[in-house]
Amino acid sequence: MSNFITFICMSLNLSAAFIFGCTGETITEKVGHLNMGIPGIMCLGMCGAVVGANIYCTAGLNNGFLAYLLVFLFTILFSGLAGLLFSFFTVSLKCNHNVTGLTLTTFGVGANTFIVSSIGENGGYTTISKQYFLYLFGSEFANKNWFTQLFFGYGFMFYLAIALAIITFIILKKTRIGLNLRACGENPSVADVAGINVTAYRYIATTIGSIIAGFGGAFLFLNHFKGALEYNISSYGWLSVALVIFTLWNPLIGIGGSFLFAMLYYAPSFFNFGQYGKLATAIPYVITIIVLIITSIFNKKENQAPASLGLCYFREDR
C-alpha cells in the first residue's frame, strides 16, 4: 500500500512540470503559433532558476520571499525573452514556425548546458529546495498519513501549476479576451477586420505561454531534482508538446493527462515490465498518435487544432 501511495504522490508531483509546459503551449497554439521551442524554453526556465538560486546563495540570504522572488524573476526573464524572440521571428519577420521553434529548442538546450555547467553545483541549491520548494505545508504535516501525503505533500509550484491551468481554461472559454485570442488562432484576417490587434495578441499570448512553460523548467530543478543540476531536460518539454494534442487543447484535461503521463514515466521504476521496461516509456507518444488519429476521424471542430495554427498572418492578403 505504501509503495502504491509513493507511486501516486511521485506521479502527481512530476505532473506539475507537464502541466506548466502543456498549459503554456496550449495558450501559444490557441493564438495560432506552433511553438516547437517549448523544450528549449523549459531548459531556459531552468537556467533562469539556477541563476536566481545562485545569486541567492552567493549573497548569503535567508528569506523565503527573496528565494521565490529571485527564482521567479530570472525564470520569467529567460523564458519571456525566448517567447518574445519566437514572436519577433514569426510575427514580425514571418519566419516558418517549425524552423523557428526547433532552432529555439536547440539554442535553449545548448544555453542551459553552457550556463548551468559554468555556474556549477552549489550545496545551497539543495538547501533552498528543502526549505522553500519541496513542501508548502511543511514536511512533518505532509508526511503525517496517506491523506496528507496525497493532498498536501507538494511544494508551492505544484499548486501554482494546477491554478494556472484552471485560470487558463476559464479565460479561454469564458472571457472576451479568450474569445479574441481564439479568433486570432482560427481566422486572423476576420479577427483583424473585427478590430482585434492580431500582432499584439500573438506577441502577448506567446510570451505568457513561454513564461508558464519556463516555470516547468524551474519546477524540475528545485522540486523534481531537489536542487541538483540536470543539463538536459528537453525530454520533458517534448512530452508537454505531445500532451497538448493528447488533451485536445484543453487545459483542464491537461491536468489529468499530465498525471497519466507522469504515471507512465514512473511505471517502469515501480512495476516489473521485464525486458519491455524501456518500451513503456514510449507509451505516452503512442497514445498521442492514437488520439490524433481518432480526433481526425471524428473531425469535431472543438477537438481540432486552431485552423491557422503554424501559419504566418499577412495582413495584405486579407
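Above this text is the structure in question.
Here's what I pulled together on the structure shown here.

Quick notes on the rules
- Residues numbered from 1 in each chain as written.
- Predicted model: local features only at pLDDT ≥ 70, side-chain atom pairs only at ≥ 80, totals over all residues.
- Heavy atoms only, no water.
- Helix = DSSP H or I, 4+ residues; strand = E, 2+ residues; numbered from the N terminus.
- Rg over C-alpha atoms; globule rule 2.2 N^0.38 Å.
- Buried < 20%, exposed > 50% of the residue type's maximum accessible area, 1.4 Å probe, protein only.
- Expected span 1.5 Å × (residues − 1).
- Phe/Tyr/Trp six-rings, centres within 6.5 Å; stacked < 30°, edge-to-face > 60°.
- Lys NZ or Arg CZ within 6 Å of the ring centre and 35° of its normal.
- Polar contact = N/O pair within 3.5 Å; in protein donor to acceptor, adjacent residues only side chain to side chain.
- Contact = heavy atoms within 4.5 Å.
- Core = buried A, V, L, I, M, F, W, Y, C linked by side-chain atoms within 4.5 Å.
- Axes fitted to C-alpha atoms, helices over the stretch in contact; angles between N-to-C directions.
- Parallel < 35°, antiparallel > 145°, perpendicular 65-115°, else oblique.
- Left-handed = near helix turned anticlockwise from the far one by under 90°.
- Bend = angle between axes of the 7 residues up to and from the residue.
- Patch = residues over 30% accessible without salt bridge, like charges linked within 9 Å, V, L, I, M, F, W, Y side chains within 5 Å.
- Areas by Shrake-Rupley, 256 points an atom, 1.4 Å probe, with all protein chains shown as cover.
- Salt bridge = Lys/Arg side-chain N within 4 Å of Asp/Glu carboxyl O.
- Nonpolar A, V, L, I, M, F, W, Y, C, P; charged D, E, K, R; others polar.

**Concerning the overall build of the chain**
Then, in step 1: Regarding its fold elements, the chain presents 15 helices and zero strands.
Then, in step 2: In summary, the chain has a C-alpha radius of gyration of 20 Å against a globular reference of 20 Å for 318 residues, a match within 12%.
Then, in step 3: Its C-alpha atoms give the chain principal-axis dimensions of about 60 × 45 × 35 Å.
Then, in step 4: Looking at the chain as a whole, 52% of its 318 residues qualify as buried.

**Some points on unusual backbone geometry**
Then, in step 1: We note that Lys94 has phi near 60°; this positive angle belongs to a residue other than glycine.
Then, in step 2: The topology assignment puts Lys94 in the loop between helix H3 (64-92) and helix H4 (97-119).

**Comments concerning H3**
The periodicity of an α-helix, 3.6 residues per turn, causes residues three or four places apart in sequence to face the same way.
Then, in step 1: Compared with an ideal rise of 1.5 Å per residue, which puts 29 residues at 42 Å, H3 spans 40 Å between its outermost C-alpha atoms and is within 8% of the ideal.
Then, in step 2: One or two positions beyond H3, positive phi appears at Lys94, with a value near 60°.

**What to know about the packing of aromatic side chains**
Then, in step 1: Under the counting rule described, the total for this entry stands at 23 aromatic pairs.
Then, in step 2: Taking the centre distance of 6.3 Å and the plane angle of 35° together, the rings of Phe72 and Phe156 count as tilted. Taken together, the positions of Phe72 in helix H3 and Phe156 in helix H8 (residues 156-174) put the pair 84 residues apart, joining distant regions of the chain.
Then, in step 3: Considering the side-chain rings of Tyr154 and Tyr159, the 6.3 Å spacing of their centres and the 65° angle between planes classify their relative orientation as edge-to-face.
Then, in step 4: A connected cluster of aromatic rings, assembled from ring pairs, spans Phe137, Phe141, Trp146, Phe147, Phe151, Phe152, Tyr154, Phe158 and Tyr159.
Then, in step 5: For Lys94, the ring lying beneath its charged end belongs to Phe314, and the centroid distance is 5.5 Å.

**Comments concerning the side chain of Thr75**
Then, in step 1: Within the secondary structure, Thr75 is located in helix H3.
Then, in step 2: By relative accessible area, Thr75 is classed as buried at 0%.
Then, in step 3: Here the side chain of Thr75 touches Val71 through a polar contact of 2.7 Å, landing on its backbone oxygen.
Then, in step 4: Not counting chain neighbours up to four residues away, the residues in contact with Thr75 comprise Gly45, Gly48, Ala49, Gly80, Gly214, Phe215 and Ala218.

**A look at the nonpolar core**
Then, in step 1: Counting 83 residues, the largest nonpolar core has Phe20 and Phe221 as the members making the most contacts within it.
Then, in step 2: Counting residues per element, this core draws most heavily on helix H1 (residues 2-30), at 13 residues.
Then, in step 3: With residues up to four places along the chain from it excluded, the contact list for Phe221 reads Met46, Ala49, Val50, Ala53, Tyr125, Lys226, Gly227, Ala228 and Leu229.

**Points about the side chain of Thr28**
Then, in step 1: For Thr28, the location among the structural elements is in helix H1.
Then, in step 2: Its relative accessible area of 0% is what places Thr28 among the buried residues.
Then, in step 3: Residue contacts for Thr28: discarding those within four places in its chain leaves His33, Asn35, Ala205, Thr206 and Gly209.

**Here we look at the packing of helix H2 (residues 38-58) against helix H11 (residues 198-224)**
Then, in step 1: As a packed pair, H2 and H11 sit with axes 7 Å apart at the nearest point and diverge in direction by 60°. On the basis of their axis angle, the class for H2 and H11 is oblique. Between H2 and H11 lies a crossing of right-handed hand. Contacts between H2 and H11 involve Ile38, Ile41, Met42, Gly45, Met46, Ala49, Val50 and Ala53 on the former and, on the latter, Ser210, Ala213, Gly214, Gly216, Gly217, Ala218, Leu220 and Phe221.

**Brief notes about H1**
Then, in step 1: Between its first and last C-alpha, H1 extends 41 Å over 29 residues, near the 42 Å set by a 1.5 Å rise per residue.
Then, in step 2: Its axis deflected by about 25° at Ala16, H1 carries its strongest bend there.
Then, in step 3: Of the residues one or two after H1, Gly32 is the one with positive phi, at around 105°.

**Some thoughts on the environment of Glu121**
Then, in step 1: Mapped onto the fold, Glu121 is located in the loop between H4 and helix H5 (123-133).
Then, in step 2: Sequence separation of Glu121 and Phe7 is 114 residues, and the distance between their C-alpha atoms is 29 Å.

**Overview of a nonpolar patch on the surface**
Then, in step 1: Nonpolar side chains collect at one region of the surface, where Leu61, Phe65, Leu66 and Leu69 lie side by side and expose about 350 Å² of accessible area between them.
Then, in step 2: Its relative accessible area of 33% is what places Leu61 among the partly exposed residues.

**Notes on the packing of H8 against helix H13 (residues 251-270)**
Helices that pack against each other are described as a pair by the angle of their axes relative to one another and the distance between those axes.
Then, in step 1: With their axes 8 Å apart at the nearest point, H8 and H13 run at an angle of 150° to one another. As judged from the angle between their axes, H8 and H13 are roughly antiparallel. Residues Ile162, Ala165, Ile166, Thr168, Phe169 and Leu172 of H8 pack against Pro251, Leu252 and Ile255 of H13.
Then, in step 2: Of the residues belonging to the contact of H8 with H13, the class tally is eight nonpolar, one polar and no charged.

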